[in-house]
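Breakdown of the fold
If you want the building blocks of each chain, they are given just below.
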Amino acid sequence: MSVHNGAMNQSAPSLSTLSRCSVFPAAALSVETGALMGDAIGTVDQVVAGDIYLLDPRAVARELVLARAKGGMVVASGSSVGAPGQMVKPLARHQLMGERGAAVEVLVLDLAGEHFALPLGPLSTSDDYALISSSLVEGELANVAQVSFTRGTRITMANGRQCPVEELKVGDRVLTRDHGPQPVRWIGQQTVRAEGSNAPVVIGEGVLNNARELVLSPDHRLFIYQRNDQLNAGRAELLVRARHLVDGEAIWRDTGGHVDYFHLLFDAHEIIYAECIPAESLLVSPDVMAGLDEDLARDLRHRMGGRAQVQHHGVEPSAADLEGVAPASLLNRQPSR
């Protein structure tokens, strides 16, 4: 069952969800300066942090049409790359920082041995991009970037009231970190089995100064402002995925049964407050579209008019960056401004 724009949809989710996104041959995004000069962007073991990438100005974006299938995502009819039914395997997620300070993520996909770069935000041929971090992509493409709150999560409203996410309506004004009160433009809901990559992350009450237990989709990112750059990220603002905080004790994965996930869209990619913790809103990008059921994806495409959103500023540390660090302790010492 799906909910969007505050209305119920009684039809069952389709197994053939379609998403359209623009991709480049991986060779079109190559190292201009650095250790691997001339090499195309590739898998985690084929890149070096700090290398500077440039998108070939002669490169032409091609449309990849995705369909949901058992075991992952496949190429759908009408795609200008790949063949219908061909499996689309995500290999890596790279965080790049443009010379003007704009961050963008790029997924590297494999289609029958051919590699493609899928930018999850604007990528300009006139800018250089430094590789900040890289990580393996866990699970299928449809689950790469779920940004969802679970039923019962309390969201801070413009007047300070704490409202369960399932009671929000389009037009309600929510407090954002950077732009004050902002209206909710779209609400989506999906119910999935809480298994594998869909199993939510539970942050125990008070672990990150949260008022109650906070339950999020595993790839939902929390916003952290570092007073001191203890992670050597090169920037104060961090976006940390919930699954990277799991320690099996104070923060854990909750498996079994079903879970209701709610998506909140604003005019821009915002940082809002869930159980008093700064967390991101839905970021409209191709991989998110691929993860929504057909009704939700169609409605969101209509709402956005084909536009994507620019990611909120902030560096995303990888699991390797957090290795040996006690994230809960670190984040407790870094209150939001």
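Treat the numbers as computed from the prediction; the structure is a model and nothing was measured.

Thoughts on the overall build of the protein chain
Looking only at helices and strands, the protein chain features three helices and 25 strands. The buried share among the 337 residues of the protein chain stands at 55%. The contacts of the protein chain with a sequence gap of at least 6 include a subset with a gap of at least 24, amounting to 65%. With an accessible surface of roughly 14000 Å², the protein chain has 50% of that area assigned to carbon and sulfur atoms.

Description of the side chain of Thr-176
With respect to the helices and strands, the residue Thr-176 is situated in strand β15 (residues 173-176). The exposure class assigned to Thr-176 is buried, which follows from its relative accessible area of 3%. From its side chain, Thr-176 meets the backbone oxygen of Gly-180 in a polar contact 2.7 Å long. With near-sequence residues (within four places) excluded, Thr-176 lies in contact with Gln-182, Glu-270, Ile-271, Ile-272 and Tyr-273.

Description of the pattern of salt bridges
Inspection of the entire model under this criterion finds 13 salt bridges. In this structure, Arg-58 engages Asp-56 in a salt bridge whose closest nitrogen and oxygen atoms are separated by 3.1 Å. You can call Arg-58 exposed: its relative accessible area is 71%. Overall, Asp-56 belongs to the partly exposed group, its relative accessible area being 23%. Within the structure, one salt-bridge network assembled from shared partners comprises Arg-93, Glu-105, Asp-219, Arg-221, Arg-241, Arg-243 and Glu-280.

Observations concerning the nonpolar core
Core analysis: the biggest nonpolar cluster contains 29 residues, and Phe-149, Ile-155, Leu-168, Val-174, Ile-203, Leu-222 and Leu-264 have the highest contact counts within it. Counting residues per element, the ones that place at least two in this core are β18 (201-203), β19 (214-216), β20 (221-225), β21 (237-241), β23 (258-265), β24 (271-274) and β25 (277-280). If you look at the next biggest cluster of nonpolar residues, it comprises 18 residues, including Ala-28, Tyr-53, Val-104 and Val-108.

Quick look at unusual backbone geometry
Within the chain, Asn-209 stands out as a residue other than glycine whose phi angle is a positive 65 degrees. Note that Asn-209 resides in the loop between β18 and β19. A positive phi angle is found at Cys-276, which is not glycine, with a value near 75 degrees. Examined against the element boundaries, Cys-276 turns out to sit in the loop between β24 and β25.

Here we look at the pairing of β23
Of all eight residues in β23, seven are buried, a share of seventy percent or more. Bridge analysis of strand β12 (residues 149-150) against β23 gives two bridges, and the strand direction is antiparallel. Bridge pairing in β23 places Thr-150 opposite Tyr-261.

Considering the side chain of Ser-134
Within the secondary structure, Ser-134 sits in strand β11 (residues 128-136). Overall, Ser-134 belongs to the buried group, its relative accessible area being 17%. In terms of polar contacts, Ser-134 uses its side chain to reach the side chain of His-94, at 2.7 Å.

Let's talk about the environment of Leu-238
Its place among the elements puts Leu-238 in strand β21. On a C-alpha basis, the gap between Leu-238 and His-313 in space is 8.2 Å, while along the polypeptide they are 75 residues apart.

As for the pairing of strand β5 (residues 52-55)
The alternating pattern of β5 places Tyr-53 and Leu-55 on a buried face, while none of Ile-52 and Leu-54, on the opposite face, is buried. Pairing of strand β4 (residues 29-33) with β5 involves four bridges; the strand directions are antiparallel. Note on β5: the bridge partner recorded for Leu-29 is Leu-55.

Structural notes on the environment of Val-23
Among the secondary structure elements, Val-23 is positioned in strand β3 (residues 18-25). Exposure remark for Val-23: the relative accessible area of 1% places this residue in the buried category. Among residues more than four places away in sequence, those in contact with Val-23 are Val-60, Ala-61, Arg-62, Leu-64, Val-81, Phe-116, Ala-117 and Leu-118.

Observations concerning the confidence of the model for the protein chain
This prediction gives the protein chain a mean pLDDT of 81; 77% of its residues lie at or above 70. In the model, residues 1-17 has pLDDT below 50 throughout and makes 47 contacts with residues more than four positions away in sequence or in other chains. The low-confidence segment residues 332-337, where pLDDT is below 50, has 19 contacts with residues more than four positions distant or belonging to other chains.

Points about the environment of Val-104
Topologically, Val-104 is positioned in strand β9 (residues 103-111). Given a relative accessible area of 3%, Val-104 falls into the buried group. The sequence separation of Val-104 and Leu-120 amounts to 16 residues, and the corresponding C-alpha distance is 6.5 Å. Those residues in contact with Val-104 that sit more than four places away from it in its chain are His-94, Gln-95, Leu-96, Leu-120, Gly-121, Pro-122, Leu-123 and Tyr-129.

What counts and how
Residues numbered from 1 in each chain as written. Predicted model: local features only at pLDDT ≥ 70, side-chain atom pairs only at ≥ 80, totals over all residues. Heavy atoms only, no water. Helix = DSSP H or I, 4+ residues; strand = E, 2+ residues; numbered from the N terminus. Buried < 20%, exposed > 50% of the residue type's maximum accessible area, 1.4 Å probe, protein only. Contact = heavy atoms within 4.5 Å. Areas by Shrake-Rupley, 256 points an atom, 1.4 Å probe, with all protein chains shown as cover. Polar contact = N/O pair within 3.5 Å; in protein donor to acceptor, adjacent residues only side chain to side chain. Salt bridge = Lys/Arg side-chain N within 4 Å of Asp/Glu carboxyl O. Core = buried A, V, L, I, M, F, W, Y, C linked by side-chain atoms within 4.5 Å. Pairing = 2+ DSSP bridges. pLDDT = per-residue confidence, 0-100.

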